[in-house]
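Results of the structural survey
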Amino acid sequence: MEAVIAVFALLFVLFVALGTYATVKAVGAAKRGVDRTLTQARRTVEDHTLRAKSFGRPGPAGEIAELRLRLRTSMRATQDALHAGVAEDASLKESLGLFDRLSAHGHELDDELRRLESEPDRATLAERLPQLRERTERIVHSADSLRWAARDRARHLADDDLDALSAQIDVETGALRHWTAAPGTPPPASWPEAPTAQGDGRPTWPDQDAAAEPTAQAGETSAREPQEPARPALGPPAARPSYPWQKRPRPESTT
């Protein structure tokens, strides 16, 4: 009885542990989904805000907003392209490592630009703007180079695969159109010709004519040869020649 209770207790603990693990995994997945949605929504709001600032604020403040928007757009597009390509091409892992190092510089520049948006000293902001513009251009250029290189590689691989597939299809279509008979294959049997009428009106097939042709040829050959005179089956015996040294035959005695 104690063994049965222990087994049931163990099963209960196992079910509780499995249920807890499943609940934690489900809550974690839901939390990650919510965080992803909130992050995407926050990025969208920030992008629209920066776009509005770049058009609505003249001077250095509007240009800084434009630099931030350009930097964020380029880095996000490169990140999405590399993460999508590394799943199909493992050689992009090195490029993804380089992008991670570039992202550190991009985040640092984005934080600095965010702080300068609220800078009240316009003269200092205008003085530092060329340096910020140059850094932004360098980071954006590097990110664009990685993104377009990954896209060109994916397109090149797709073109190579398409060329190989087209060559295989050409070979297969050529083999399908090659319907001539192979060497050594016997020709198909021909159909017999139509029957021809003989003198007595009976039809004769070509096979019968072919069978009768050797017989006719044999008859013609025998007709050409000279015929020997027929000898009688039974005739009188021929007289034997007599020689001087032979004895005369003794006459039969008569009684």
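A brief structural summary. (Residues numbered from 1 in each chain as written. Predicted model: local features only at pLDDT ≥ 70, side-chain atom pairs only at ≥ 80, totals over all residues. Heavy atoms only, no water.)

A closer look at helix 4 (residues 122-177)
Compared with the 82 Å implied by 1.5 Å per residue over 56 residues, the 78 Å span of helix 4 between its first and last C-alpha is a close match. A bend of about 40° at L129 is the largest found in helix 4, and the proline P130 appears one to four places after it. Regarding helix 4, the residues found buried are L125, L129, L132, T136, I139, V140, A143, L146, R147 and A150. The secondary structure elements touched by the buried residues of helix 4 are helix 2 (60-86) and helix 3 (93-117). (Helix = DSSP H or I, 4+ residues; strand = E, 2+ residues; numbered from the N terminus. Expected span 1.5 Å × (residues − 1). Bend = angle between axes of the 7 residues up to and from the residue. Buried < 20%, exposed > 50% of the residue type's maximum accessible area, 1.4 Å probe, protein only. Contact = heavy atoms within 4.5 Å.)

Concerning the packing of helix 2 against helix 4
For any two helices packed against each other, one specifies the inter-axial angle together with the distance between the axes. Put simply, helix 2 and helix 4 touch, their axes get as near as 9 Å, and they point 20° apart. The orientation of helix 2 with respect to helix 4, classified from their angle, is roughly parallel. Like other packed secondary-structure pairs, helix 2 and helix 4 cross with a definite hand, here left-handed. Its residues assigned to classes, the contact of helix 2 with helix 4 comprises 18 nonpolar, three polar and eight charged. (Axes fitted to C-alpha atoms, helices over the stretch in contact; angles between N-to-C directions. Parallel < 35°, antiparallel > 145°, perpendicular 65-115°, else oblique. Left-handed = near helix turned anticlockwise from the far one by under 90°. Nonpolar A, V, L, I, M, F, W, Y, C, P; charged D, E, K, R; others polar.)

Brief notes about the pattern of salt bridges
Following the criterion strictly, the structure yields 12 salt bridges and no others. A salt bridge links D89 to R153, with the nearest nitrogen and oxygen atoms 2.3 Å apart. A residue pair is termed long-range when its members are at least 10 positions apart, and D89 in the loop between helix 2 and helix 3 and R153 in helix 4 qualify at 64 residues. A relative accessible area of 13% places D89 in the buried class. (Salt bridge = Lys/Arg side-chain N within 4 Å of Asp/Glu carboxyl O.)

Some details on the side chain of D110
Along the chain, D110 falls in helix 3. Taking the relative accessible area as the measure of exposure, D110 reaches 7% and is therefore buried. Not counting the four nearest positions on each side in its chain, D110 is found in contact with R68, L71 and R72.

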